Amino acid sequence: MATLLYRIGKWAFRRRRLVAGLWLAAVLAAVVAAAVAPSGDEEDLTMPGTESQQAFDLLEERFPGSNAQGAEARLVFQAPEGQLLTTAENRAVVGDALGSLSGGAQVGSISDPFADGTVSDDGTIAFSTVAYDSEVADLEEGTTSALEDAAEQARDAGLTVEVGGSALDAEVALGGTTELVGVAVAAVVLVLTLGSLVAAGLPLLTAFSGVAIAFGAIAVLAEPLGLTSTVAILALMLGLAVGIDYALFITSRYRDERARGHAPEEAVGRAVGTAGSAVVFAGATVVIALAGLGVVGIPELTKMGLGGAGAVGVAVLVALTLLPALLGLFGPRVLSRKVRTAQRSGVPREERDGLGVRWARFVLRRPVAVLVVAGFGLAAVAVPALSLELGLPGDESKPMETTQRRAYDLLSDGFGPGFNGPLTVVVDTSESSDAPAAVDRVGTMLREMDGIASVGEPVLDEAGATALITAVPTTAPTSASTTDLVEDIRSVRADVEDETGAEVVVTGSTAVNIDISQAMADALVPYLLVVVGLAILLLTIVFRSVLVPIKAALGFLLSVGAAFGVLVAVFQWGWGADLLGIEQTGPVMSLMPILVIGIVFGLAMDYEVFLFTRVREAYVQGATADEALVEGFRHSGRVVTAAAVIMFSVFAGFVGIHSPTIQTMGIGLACAVAFDAFVVRMAIAPAVLALLGDRAWWLPRSVDRVLPRVDVEGEALSVPTRQEPAPEPVETR
């Protein structure tokens, strides 16, 4: 691999104007495509195969005109203080607002709160349900505008009016100041690390180029593939983070090769052959982990994984081709002023031991103390993860300034917390000998259960073979008690089914969220085992060692566990939630654990490869195990630290976007990167290598013969090399 990439790097350097021109054309084409492409629509999470989804499918069949998954809006009205909605004047205002919606092109039905009894007991709050014939993705702009106009009409007449439901679900805004702060921090770190404005600008330039291309591709595919704004934000987040880091590693290695006296073209070839090999491997691990999210079976998670994987793949290609071309175009300006001065004077610069070298030597002197403090520290942070609860946020998690959140709160005040998450119990009586009796029996069962506030009258299909019964819980949709209630209904229905011959299933948005969360929880451990197994296999091939991959995998588990601990502390327990702008605590979003595992796996392997390939490179060239560790930190410690700070800043910058999905991703990924880079790779990993000594690089001869040789550290470009270590372990000094 190193030899092939060496040639690619030199070719891109020699053909730098052609390569840069082609990438510039690709960026411009992507920008134009993103500007003219129709935007994708937000879609609800679905998971084929779950009971709640099967029930939706049954409703589509038995109630063909109802569009069970169609868009819905709730106009929530509140009388002015000291008044009632039931007065003639206020009733007229509500009637006029609802009348303005009547006859709309996509409106299926509009309920009358006074005729249907959807007025609170104190007469101050009422709501009307507007059902649409189309799903949220198919609603026209005029339809949603009419809904907003109706609410504004009633507000002008003196009522408080808010709109809940799915009809006004909007895309998450991509712009914001916090993301820019993250990029600004990255720029400062690059300048401090590289000591050159030009060198610092190259990683930013290449990262933005890759992100623009990936973003353009997602924009073009958004409508035909149903890609949501969350897919775009994840691609933006990952594309920026890995794009900057990959370019930083190659640029830093190029400067090292120039300092060794190599000509610019040769230095580029060696940089791409060595650091570029690590970039290819690291990028491949991220792509594999993200693409593997498709096995969970949730379409939205699959799209997020593939979108992120595509952005990472583009970042790798940019780093291997565009960056070498830019290094050629900018010439000596990529080097720091001190290096350029030293080259002109012919006096070699005096290299002083940096912080990385001093830290490595400290770890060599105190490996046990470092290992104990770092290991127990991460374990302590991970303790809250034992209380992890998964769920999917609804309107209650939206910012207070949104009408959906205010509508949610009004309905909770007027009708109880469970009113925002009713359960739909579907009774299929097609196999029952007495359909009416079966429906009555299910209704009686629900009324006798604890945790149910009210049970509605059954709604039958035209054939009378299917009934819908709405049951309102006493607790909020994301409450653990509501989850227990759904499980209780499903556990006691067997007796009713045996008695009546009817089939009883539970659905509705609350039940769908519960089923998806449970499926995600069930998939968490198997996915984690697959990822850890993959990490051990890939790192065994790269490092040709048994113990180094095991150490890396265990460290990955520690960093992920600590990140989960932070998520639980912030999003479930509310620690620091106000400081981070999180307005509603509750279960951790069910997609996050698997998504964080997939992304962090790849990023953790980034730091493992970039740092310890330099250690192994020194070892195979004749250094002792301790000397190799110091050399690895001498060349890569500062750069890996800078890369981690950059990635942390980019991820943390997205916390300011008011979306539970993005906020959870931002905090989870930022913490995981910090734990993995600064604690696991910089402290625990070198301490373990210090204790193992030469045994760290032991590999049985039989395994060595069957493993492919990928040459990530560029042994083929460095001669002479030392012989491979003895196949049997030796005693640690």
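An account of the accompanying structure is given in this report. As the structure is a computational prediction, the values presented were derived from the model and not from experiment. (Residues numbered from 1 in each chain as written. Predicted model: local features only at pLDDT ≥ 70, side-chain atom pairs only at ≥ 80, totals over all residues. Heavy atoms only, no water.)

The next thing to look at is the packing of aromatic side chains. The tally for this structure, following the rule as stated, stands at seven aromatic pairs. Among the aromatic residues, those joined into a cluster by ring pairs are Phe-127, Phe-415 and Phe-419. Arg-16 extends its terminal NZ or CZ atom over the ring of Phe-13, reaching a point 4.8 Å from the ring centre. In this arrangement the basic side chain of Lys-551 is found over the ring face of Phe-612, its NZ or CZ atom lying 4.2 Å from the centre. (Phe/Tyr/Trp six-rings, centres within 6.5 Å; stacked < 30°, edge-to-face > 60°. Lys NZ or Arg CZ within 6 Å of the ring centre and 35° of its normal.)

An order of β2-β3-β1-β4 is seen for the four strands of this open sheet, with the pairing classed as antiparallel. The strands lining the two open edges of the sheet, one partner per strand, are β2 (107–110) and β4 (160–165). The mean angle between the axes of side-by-side strands here comes to 20°, regardless of whether they run parallel or antiparallel. One ladder, built from seven bridges, connects strand β1 (residues 72–78) with strand β3 (residues 125–132); its direction is antiparallel. Bridge pairing in β3 places Ala-73 opposite Val-130. Lying over the sheet, helix α4 (residues 88–99) contacts β1, β2 and β3, oriented at roughly 160° with respect to β1. (Pairing = 2+ DSSP bridges. Helix = DSSP H or I, 4+ residues; strand = E, 2+ residues; numbered from the N terminus. Axes fitted to C-alpha atoms, helices over the stretch in contact; angles between N-to-C directions. Contact = heavy atoms within 4.5 Å.)

Our focus in this paragraph is the pattern of salt bridges. Summed over the entire model, instances satisfying the criterion amount to 16 salt bridges. The salt bridge partner of Glu-608 is Lys-551, with a shortest N-O separation of 2.6 Å. Placement of the pair is Glu-608 in helix α20 (residues 592–620) and Lys-551 in helix α19 (residues 547–572), with a sequence separation of 57 residues. By the burial criterion, Glu-608 is buried, and Lys-551 matches it. The shortest N-O distance in the salt bridge between Asp-676 and Arg-681 comes to 2.8 Å. For the pair shown, Asp-676 and Arg-681 are each scored as buried. Connected via shared salt-bridge partners are Glu-152, Arg-155, Glu-162 and Arg-406. (Salt bridge = Lys/Arg side-chain N within 4 Å of Asp/Glu carboxyl O. Buried < 20%, exposed > 50% of the residue type's maximum accessible area, 1.4 Å probe, protein only.)

Relative to the assigned elements, Asn-90 resides in helix α4. For Asn-90, the contacting residues outside a window of four places in its chain are Ala-79, Pro-80, Gln-83, Leu-84, Leu-85 and Leu-159.

Turning our eyes to something else, we now look at helix α8 (residues 197–225). An α-helix turns once every 3.6 residues. As a result, residues three or four positions apart point the same way. With 29 residues, α8 extends 41 Å from end C-alpha to end C-alpha; this agrees with the ideal 42 Å at 1.5 Å per step. Remark: the principal bend of α8, roughly 25°, maps to Ala-219. Immediately downstream of α8, the backbone of Gly-226 shows phi near 70°, a positive value. (Expected span 1.5 Å × (residues − 1). Bend = angle between axes of the 7 residues up to and from the residue.)

Attention now moves to a nonpolar patch on the surface. Taken together, the side chains of Val-368, Val-372, Phe-376 and Leu-691 present a nonpolar region at the surface, about 360 Å² in accessible area. With three residues, helix α14 (residues 367–382) is the single largest residue contributor to the nonpolar patch. As for its position among the elements, Val-372 is in helix α14. A relative accessible area of 40% means that Val-372 is categorised as partly exposed. (Patch = residues over 30% accessible without salt bridge, like charges linked within 9 Å, V, L, I, M, F, W, Y side chains within 5 Å. Areas by Shrake-Rupley, 256 points an atom, 1.4 Å probe, with all protein chains shown as cover.)

Turning to the environment of Phe-419, a few remarks are in order. Relative to the helices and strands, Phe-419 is located in the loop between α15 (403–415) and β6 (423–428). With 52 residues separating them along the chain, Phe-419 and Ala-471 place their C-alpha atoms 9.2 Å apart.

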